[in-house]
Amino acid sequence: MALPISNLFSFGVANCLAMRRIYYRFPQRVDLSFAMGMPFNETLKYIASLDNEESTKTTGKELVKIKLRIGLPLTGNVRDITPDVLPPGVITEAVDLQVSVLAIALRGGGRVPIANDIFYLRLTDQVSRTDIDIAKEGHGEGLDALDLKNILLGAKK
């Protein structure tokens, strides 16, 4: 029995909404790759929840405040992550995120900026886990990809 023409070319709602959010300027060189032991949607929600997260840690003799800003990289700017940008189930397979890490030393005389680093994360769905690639924008002093991994995994605890 032949299907009617109207059903032949129709797509379900889930097929039309599923998409990858890939930034075409994502760096070709990746500094660090690791797997997060959570499904893709949970990992995306977890990392998005770290936006505006602040923490403090002691490095040597200094107390350092770290602030994270997470967004979707676009050409020329970064779009803040809000619930309407990341509705559940719309982004599938892969997404690129931009993470800005501001580190400030809290000293007796005031606050001194130590680092303001920008990283790109690529989250890739691997069914029961999520692969994460980290690439740092530029080179130089400040935090590296391993530091960002420890921040991401440390916040999970």
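Residues numbered from 1 in each chain as written. Predicted model: local features only at pLDDT ≥ 70, side-chain atom pairs only at ≥ 80, totals over all residues. Heavy atoms only, no water.

Draft legend 1. Spatial organisation of unusual backbone geometry. Look at Asn52: it is not a glycine, yet its phi comes out positive at around 65°. Position of Asn52 relative to the elements: it lies in the loop between α3 (40-49) and β3 (54-59). The phi angle at Val127 is positive, at roughly 65°, despite the residue not being glycine. Mapped onto the fold, Val127 is located in the loop between β7 (110-126) and β8 (129-136). (Helix = DSSP H or I, 4+ residues; strand = E, 2+ residues; numbered from the N terminus.)

Draft legend 2. Structural detail: the nonpolar core. Counting 32 residues, the largest nonpolar core has Leu97, Val101, Leu121 and Leu123 as the members making the most contacts within it. Mapped by element, the contributors of at least two residues to this core are β2 (32-36), α3, β4 (62-74), β6 (91-107), β7, β8 and α4 (145-156). Excluding anything up to four places from it in sequence, Leu121 contacts Phe26, Ile47, Val95, Asp96, Leu97, Val99, Ile132, Asp133, Ile134, Leu148 and Leu152. (Core = buried A, V, L, I, M, F, W, Y, C linked by side-chain atoms within 4.5 Å. Buried < 20%, exposed > 50% of the residue type's maximum accessible area, 1.4 Å probe, protein only. Contact = heavy atoms within 4.5 Å.)

Draft legend 3. Quick look at the environment of Gly108. Considering the arrangement of structural elements, one finds Gly108 in the loop between β6 and β7. Distance from Gly108 to Glu62, taken between C-alpha atoms, is 9.8 Å for residues 46 residues apart in sequence.

Draft legend 4. Focus on the pattern of salt bridges. Going through the model one piece at a time under the given rule, you end up with 7 salt bridges. Here Asp51 makes a salt bridge to Arg69, at a shortest N to O gap of 3.8 Å. Highlighted residues: Asp51 in the loop between α3 and β3 and Arg69 in strand β4, separated in sequence by 18 residues. Overall, Arg69 belongs to the partly exposed group, its relative accessible area being 30%. With a closest N to O distance of 3.6 Å, Glu54 and Lys65 form a salt bridge. Of this pair, Glu54 sits in strand β3 while Lys65 sits in strand β4, and the two are 11 residues apart along the sequence. Classification of Glu54 as partly exposed rests on a relative accessible area of 43%. (Salt bridge = Lys/Arg side-chain N within 4 Å of Asp/Glu carboxyl O.)

Coordinates in, geometry out; function isn't part of it.
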